[in-house]
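Chain residues, written in single-letter form:
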Amino acid sequence: MQVSIETTTGLERRLIISVPADQVDPKVNERVSKTAKEVRLKGFRPGKVPVSVVKTQFGTGIRQEVVGEVISSSFYEAVIQEKIEPAGQPVIDFKQNKSGKDLEYTATFEIVPEVAVGDLSKISVERPTAEVDDAEVNSMIEKLREQQGSWETVERAAADTDQVNIDYKGTKDGEAFEGGSADASDLILGSGRMIQGFEDGIVGMAAGEEKTLSLSFPDDYHSEDLKGAAVEFAITLNSVQERKVAELNEEFYEKFNVKGDEAAFREEISKNMSRELKQATERLVKQSVMDQLGDLHEVQIPAPMLANEINAMREQMFQQFSGAGTDFKPTADMLPDELFKEQSEKRVALGLIVRGIITAQDISADADRVKEEVEAMAAGYEKPEEVVNYYYSNEQLLQNIQSKVLEDQVIDYVLSLATVTDAAKTYEEIVQAAQASAQQ
């Protein structure tokens, strides 16, 4: 086999490959003979179809099949020989494809670029730090009590954080407007669900009381007809309910899979908060490192890798829509490439940068860290040992864990060279910042 390589433009390469006829024609003849023994044709007994008849009827298709296999194997050998890595499938053009002559073809494709790692000491990271103390645990327990609490009707005026049931009708210049009216609607005062002044105007009203509020929609409201519009809402308050927090008892603890007393419950909450704090801190630090790695490097992005990432993000959005419990079924033309292009470019570039660091530093996934990661994921299941065994018996799942660990090791390496400054924060600040980061 003869191979030559050309650089066309950018990341594009063209391999010119020649495979001797004696590596193709014998395989075609062998396939023809095998077909003659297996094919059933009218007028011939099974296994007695002449080779000449098979060549006439099936020869072209058989050669195409064999040539396809030869191209696949010879292209693989060629890229290994030339020490290049295709970023996607090649475009094949035949120069010669005839029986008795050498098979000659060109394969055009883009390569995965090598990334020269920049000066990582230029990276500066602020690492948030916090402690899960008794006050933080108390605050979390109160939130959980509120979440598990109930609404109880009270005979008093409505106050902030109460849930009220109201009828309301909105009018603009004396005319009702679309979406401005409802009957028996529940509203938590202070939730910010309604326009400014609406919820505040209900505070102090009692059940059975009626009131008209003169308000204005914000200038940036989504409806053109209502932007900045002066309106009136006629409100009837039907009932007032206040939140009764759940009691701390065994029934409450069991809702969070805790068997025991308040001390055991507090310990479990503290452990969960500490774990969440650790994960949130790592997420924020990792995001900071990744953002700066992207800024530090100029990376050429192969078109096939970008297309694959765009398709992956589109598919992810499709799944989100399909799981949203609606009849809306998006199609590809509703979600154009441009919707995902910028984020996909960033993801592909970061993947190539991380890959460059792994190659330059010869980093491999640490087996102990992989084991710790698997065991941590399995800890939340009833029979964690079975989950661990399942992960280690499933190559794809284990590779996913190894990839995560490998990426974490890259972050650790970058941090060892970067300037890292600790910044004192609260538990709430760190967790909320991590949640906001994950939604970007």
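Keep in mind that this is a model prediction, so the values were computed, not measured.

Some words on the nonpolar core
Turning to step 1, where the next piece is worked out: The biggest cluster of nonpolar side chains holds 27 residues, and the ones touching the most others in it are Leu15, Ile17, Phe75, Leu103 and Phe109.
Turning to step 2, where the next piece is worked out: Contributing elements (two or more residues each) for this core: strand 2 (12-19), helix 1 (25-38), helix 2 (51-82) and strand 4 (103-110).
Turning to step 3, where the next piece is worked out: Per-element accounting of this core gives the leading share, nine residues, to helix 2.
Turning to step 4, where the next piece is worked out: When sequence neighbours within four positions are dropped, the list of residues in contact with Leu15 reads Val3, Ser4, Ile5, Phe75, Ala78, Val79, Glu82, Ile84, Tyr105, Thr106, Ala107 and Phe109.

With respect to the packing of helix 9 (residues 367-378) against helix 10 (residues 384-393)
Helices that pack against each other are described as a pair by the angle of their axes relative to one another and the distance between those axes.
Turning to step 1, where the next piece is worked out: As a packed pair, helix 9 and helix 10 sit with axes 8 Å apart at the nearest point and diverge in direction by 135°. Considered as vectors, helix 9 and helix 10 are oriented oblique to each other. As helix 9 runs across helix 10, the sense of the crossing is right-handed. Across the interface between the two elements, Val370, Lys371, Val374, Glu375, Met377 and Ala378 from helix 9 touch Pro384, Val387, Val388, Tyr391 and Tyr392 from helix 10.
Turning to step 2, where the next piece is worked out: Looking at the contact of helix 9 with helix 10 residue by residue, the classes come out as nine nonpolar, no polar and two charged.

Thoughts on the environment of Ala365
Turning to step 1, where the next piece is worked out: Here Ala365 lies in the loop between helix 8 (338-361) and helix 9.
Turning to step 2, where the next piece is worked out: Note on Ala365: relative accessible area 29%, which makes it partly exposed.
Turning to step 3, where the next piece is worked out: Sequence-wise, Ala365 and His222 are 143 residues apart; in three dimensions their C-alpha atoms are separated by 49 Å.

Regarding a negative patch on the surface
Turning to step 1, where the next piece is worked out: A grouping of Glu250, Glu251, Glu254, Asp261 and Glu262 is seen on the molecular surface, where their side chains present a negatively charged patch.
Turning to step 2, where the next piece is worked out: Sort the elements by how many residues they give to the negative patch and helix 5 (residues 250-254) lands first, with three residues.
Turning to step 3, where the next piece is worked out: Mapped onto the secondary structure, Glu250 falls in helix 5.
Turning to step 4, where the next piece is worked out: What makes Glu250 exposed here is its relative accessible area of 56%.

About the criteria used
- Residues numbered from 1 in each chain as written.
- Predicted model: local features only at pLDDT ≥ 70, side-chain atom pairs only at ≥ 80, totals over all residues.
- Heavy atoms only, no water.
- Core = buried A, V, L, I, M, F, W, Y, C linked by side-chain atoms within 4.5 Å.
- Buried < 20%, exposed > 50% of the residue type's maximum accessible area, 1.4 Å probe, protein only.
- Helix = DSSP H or I, 4+ residues; strand = E, 2+ residues; numbered from the N terminus.
- Contact = heavy atoms within 4.5 Å.
- Axes fitted to C-alpha atoms, helices over the stretch in contact; angles between N-to-C directions.
- Parallel < 35°, antiparallel > 145°, perpendicular 65-115°, else oblique.
- Left-handed = near helix turned anticlockwise from the far one by under 90°.
- Nonpolar A, V, L, I, M, F, W, Y, C, P; charged D, E, K, R; others polar.
- Patch = residues over 30% accessible without salt bridge, like charges linked within 9 Å, V, L, I, M, F, W, Y side chains within 5 Å.
- Areas by Shrake-Rupley, 256 points an atom, 1.4 Å probe, with all protein chains shown as cover.
- Salt bridge = Lys/Arg side-chain N within 4 Å of Asp/Glu carboxyl O.
- Lys, Arg positive; Asp, Glu negative; His and termini not counted.
- Charge placed at Lys NZ, Arg CZ, Asp CG, Glu CD.

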